[in-house]
Each structure stands twice: as structure tokens, then as C-alpha cells.
Amino acid sequence: MMSASLQTFLRRRGPLILAVISLAAITAIFARFYTYQTTRINRRALFYDVSNTRMSTHFSWMDGNGAAHQLPIDTILSKSFSLSSYSDQSQIIPYYYKAEEGFVNQDITIVTLVTRNRIPNLARLATRYKGPISTTIHISDDEEGEYTLDLLQQAMEKNVNMRKYVDVHIIRDDYDRELNLWRNIAKLFARTEYVMMLDIDFYPCTDFRTSVLNNPKAMQLLESGDAALVIPAFEYARQEDGLDFRNFPMNKQKLLKRVEEHDIEMFHSFWQPGHAPTDYDHWMEAQDIYEVTSYQHSYEPYVIFKNKGSPWCDERFSGYGSNKAACLYELYISGVDYYVLPNDFIIHQTHAYPNEARDIERYYNRRLYTQFREEICVRLARRFITQKKWEDPKSENLRQECASIKPYQRAIERFI
């Protein structure tokens, strides 16, 4: 039998001892499966079990009683991305490359996704932005995927700004164009308080990061968590003129001259709902930040917003069409208003579109988007009502935007 003094000691110090033992065990597991491959360019994280090249770490925690618990990382990720095509054949590798630069919390991370043929665009973006970037790169589970990783490593070796500023997260499986899943991965592992969702084909002609971080009004809006800042998007009227970013105007005055000459126009002007609510005529004369007052559900601007507490992109959207609009619709319905920056802009770098594939994907995603809008209106309405915030300004966007959806009208009558 234990002596009374030993029993007293264990009663007082037992949880601490258990915590130390658990920490040591977790460290041993982590050391077994998480390694760093040191190269001359960067530290590349490898989350592979060397015996079967599968990720094999665990997520561990302790409860209030000091008891240790753990779940496989694969289980956590499969639940996190359960609405997508993520499966036991998928592999997510966070921070495959981790930026050498130390980022401060009060900064803006560009969140983007990259395919193999857009790696040069990523290098160009890193060189221009010189700030935190979190990107997801999808690779297939075959030799083509390995070739993509080789090209990525070459880009890292050649470009110091890629090494300094870019966090690269790999998703490896055979599911193509899971765009919202890829966005969510990049957003999940962003390391700053604010993020900007940007398509990799856009070039930031102005230094919006500096202008926002040094603008008290812009920062006050972002800090509130109730506002997103829109950066107007443009493209060349003649697509062949938009091939070389070195010819792009780099300030508003030069841009306005090109717009007046009809060389440059609103991005995708053939589809007015996508960007017209930004009110480009107003922007041409604007000197200060202004609010978007004519929101509609196809609006899909490029925005900066507070990461914490913001909605995730719905991962049921596979392929092109409505995927980004769904992200921004839920952001707006959740109570985030859009405000336009008066002096900053981005321009699209021309590239070819696989129109036949996109047409098929757009057809199905349009149908899904109609259903999604009904679902999100009902779900968030129930949340506002349960939280007794139905009459708060936070729910105003939902009450106005969802009022025209008939299934929502019928459902909401039961809740109020």
C-alpha cells in the first residue's frame, strides 16, 4: 500500500505528472512522423509516414481533469472538409513550404489557389505583393503530380520572394477543380488576422496592403468584423493586350486614362451582375471609401475581410460557376457589408478558358446556387432568431436579400 504522504503527493501533482507524460508521448509521435527536409532554399514540411507515405500524426488535447485524448489528423480533416470530395484517398499537406518571413497578426494574407500552369503567376504575385500569401496547390497522385512539385521547387529556388512570403499547402488526390475546398484550405492556414480572396490571374497594380494598413477608416471597418473591403477589378477590352503585366497602369490616374480610351473596362463587363454593384462610375470620382448599396446575389468582388469568425466557402460547388459567388453571398448574409477602396485596383492577366468544361459545370452549379441561397437564408435566420438578434443591424442584409426567396418566406413564418 502507498504511504499517506505518497497518496497526498499524487493527489496534488498527479494531473501535472500526467500532462508531462502526455506531452512527452505527443512529442515522440510528432518526432516520428513529422520531419523537416532541409534544402538550400527553404524548410519543406513532410507529413509522410516513411513506411507507407501516408500522413500519420494525431490531434491531441487534454480535458479539464488532465486526461489525454487524441484523434487521427485524417479524421479531423475528413470532418472539416466533409462536404467536398475529400476522401481517404486525399492527402492535405499544410505548409509544404513555409514562408521564411515572420508575419505579424495585423496584416493581410492573400488567399489563393494555384494549378501547375499558374506557378509563374504565383511568383509574379509574391514579387509584387511582398506580403503574406497562403496558397493551395492541387496535384494528382501520379507522376504528373511529382512533376508539378518539381516545377514548384524550381520556382522556389529561383525567386527569393516566393521563399520569403508564400506558404504553400498541397492537396493530393484525383479530384479536379474543387475550388472552394482549395480556398478553404488556404484560408484555414493563413497566419494573419485579415485575408483577401484573390484569383491568381489578377495582378495587384497598386499597393493596397500599405494603403489599407495605414488607413484608420479602413482598419476600423476590418477590425469590426462587419465589413469587407472591395478592390475593383478590371480587364483589357482586347484580350491580347492583357498578356503582359508590365504594360499595366500602376496608379488610378493612368488607369482612368486607359478607361477613357476604351482600352480597359470593368472585369467581365458582359456579365454585369458580377461586378457592377461596385459602381465603377462612382469609383472613377471617389476620393474616400464608400459603401456598396446595390448588392445582388451574383456579385463576386475581390475583398479583404477579417478571417476569424467569417464563413467558409461551401464545398459542394465543384468546378466553375457560382463557387466564389457562394462564398461572398454567405459572407454578406452573415452580416458583413461591402465597402469599396477608392484608389486601389487589380487587372486580369489574360489566359485561355476551357469553355466547354466550364459551360457544363456552370449549368449544374447555377442549379445548386439557387438551392444554396434558400438553405443559407433559412439556416442563418434561425441562428439570428435563436441568438435574439433578429432585429439587430447584423441581420439586416439577410432580411432584405432573402425576402424575395419564396421557400424562405414560408419557412421563416414558423420561426418568428
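Predicted model only: the values in this text are computed from it and were never measured.

*Asks:* So what's going on with the side chain of R209? Residues and values would help.
*Replies:* Along the polypeptide, R209 turns up in helix 7 (residues 208–213). Residue contacts for R209: discarding those within four places in its chain leaves D107, I108, Y129, K130, G131 and P132.

*Asks:* Please set out the pairing of strand 9 (residues 194–197) residue by residue, giving values where relevant.
*Replies:* Across the two faces of strand 9 the burial is the same, with Y194 and M196 and V195 and M197 all buried. For strand 6 (residues 108–114) and strand 9, the ladder comprises 4 bridges, and the chain directions are parallel. The partner of I108 across the bridge, within strand 9, is Y194. In this structure, strand 9 lies alongside strand 15 (residues 302–306), joined through 3 bridges in antiparallel fashion. Within strand 15, the position partnered with Y194 by the bridge is K306.

*Asks:* Account for the environment of I385, naming residues and giving values.
*Replies:* Mapping I385 onto the fold places it in helix 12 (residues 355–386). For the pair I385 and F415, spaced 30 residues apart in the sequence, the C-alpha separation amounts to 7.6 Å.

*Asks:* Break down the sheet that holds strand 17 (residues 346–348) for me, citing the residues and quoting the values.
*Replies:* Ordered in space as 10-17-12-13, the 4 strands form an open sheet in which the pairing is mixed. In the strand order of this sheet, the two ends are held by strand 10 (202–204) and strand 13 (264–266), each with one partner. Pairs of neighbouring strands in the sheet enclose a mean axial angle of 35°, with direction left out of account. Relative to strand 17, strand 10 runs antiparallel, the two sharing 3 bridges. Considered in strand 17, the bridge of Y203 is made with I347.

Conventions adopted
Residues numbered from 1 in each chain as written. Predicted model: local features only at pLDDT ≥ 70, side-chain atom pairs only at ≥ 80, totals over all residues. Heavy atoms only, no water. Helix = DSSP H or I, 4+ residues; strand = E, 2+ residues; numbered from the N terminus. Contact = heavy atoms within 4.5 Å. Buried < 20%, exposed > 50% of the residue type's maximum accessible area, 1.4 Å probe, protein only. Pairing = 2+ DSSP bridges. Axes fitted to C-alpha atoms, helices over the stretch in contact; angles between N-to-C directions.

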